[in-house]
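# What the coordinates show
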Amino acid sequence: MGSIVILTGAGISKESGLDTFRDRDGIWSKVRMEDVATPEGFRRDPARVHAFYNARRRNLAEGGVTPNAAHAALARLEKDWPGEVLLITQNIDDLHERAGSENLIHMHGELLKIRCVKCARPFAWTADLGLDDKCPDCYRIGSLRPHVVWFGEMPLDMERIMEALMDCALFVSIGTSGHVYPAAGFVQTVRAQGRAHTIELNLEPSQGTSLFHETRLGPASQLVPTFVEDLLSR
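What counts, and at which threshold
Residues numbered from 1 in each chain as written. Predicted model: local features only at pLDDT ≥ 70, side-chain atom pairs only at ≥ 80, totals over all residues. Heavy atoms only, no water. Domains from an automatic or database assignment. Contact = heavy atoms within 4.5 Å. Buried area = accessible area lost by both parts, 1.4 Å probe. Salt bridge = Lys/Arg side-chain N within 4 Å of Asp/Glu carboxyl O. Polar contact = N/O pair within 3.5 Å; in protein donor to acceptor, adjacent residues only side chain to side chain. Helix = DSSP H or I, 4+ residues; strand = E, 2+ residues; numbered from the N terminus. Nonpolar A, V, L, I, M, F, W, Y, C, P; charged D, E, K, R; others polar.

Another aspect to go through is the domain arrangement of the protein. Here the protein is partitioned into domain 1 (1–17 + 67–108 + 155–233) and domain 2 (19–64 + 109–148). The centre of domain 1, based on its C-alpha atoms, is set 25 Å off from the matching centre of domain 2. Residue-level contacts link 16 residues of domain 1 with 12 residues of domain 2. Around 1100 Å² of area is buried between domain 1 and domain 2 when both sides are counted, 57% of it from carbon and sulfur atoms. Along the contact surface separating domain 1 from domain 2 lie zero salt bridges. At the boundary of domain 1 and domain 2, one finds three residue pairs in polar contact (both at pLDDT 80 or more). Where the side of domain 1 that touches domain 2 is concerned, the elements lending two or more residues are α1 (10–14) and α6 (95–99). Counted by class, the side of domain 1 that touches domain 2 contains five nonpolar, six polar and five charged residues.

Below, the structure written as structure tokens:
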């Protein structure tokens with residue numbers, strides 16, 4: 001069977017209780033991304049950036065946030081599909097992992113990891129992070145930052161992602177606005193190879209909805225389980 005590549009965005013995690021970024025009441029309506037999601041913002045005020053991600057980390061761990069039916073359905077698809085299923089997420093939460101997904105790329109990093117700006121190694125981290133914390137590897141103080149891709153930085157694992165997009169038979173985009181590149185351009189990369197079918201599953205049409213062969217609208221927790229059931233029953 002052909003391989004499947006699935007891209008997920010904030011819409012799939014919103015139903016689990018996590019804020020999106022670009023909705024009217026989303027994160028960027030409350031805080032300037034230039035202050036907390038750029039290398040320049042981190043250099044200007046690292047304490048503020050740490051406070052922002054510490055709050056999000058605590059919310060993920062302590063806010064009663066759990067995977068929803070869409071996360072569970074994608075984990076089932078990976079387990080039961082006879083070919084490869086690669087899940088690429090723009091989300092920095094761990095809900096896909098908690099649902100059971102294993103073949104997963106966090107292209108924008110992970111909230112529950114940090115990395116050292118000196119030795120570049122990432123580490124699992126669930127506690128608050130501050131300026132006085134020491135790198136677990138090189139022992140430098142003040143060299144740690146969230147393992148999150150900020151605006152102006154290159155997303156992770158792009159070489160592997162592009163190879164998968166060029167080889168897939170089906171590309172599915174779930175819960176993403178289509179505003180943020182390079183993820184917003186993945187459907188064009190897939191369409192250019194001329195073999196794969198492309199489907200958008202979204203609460204409302206994305207900015208690039210016309211580029212997909214097929215669009216289905218509705219909540220991810222309803223659309224994705226039905227889509228997976230239909231796919232596996234063929």
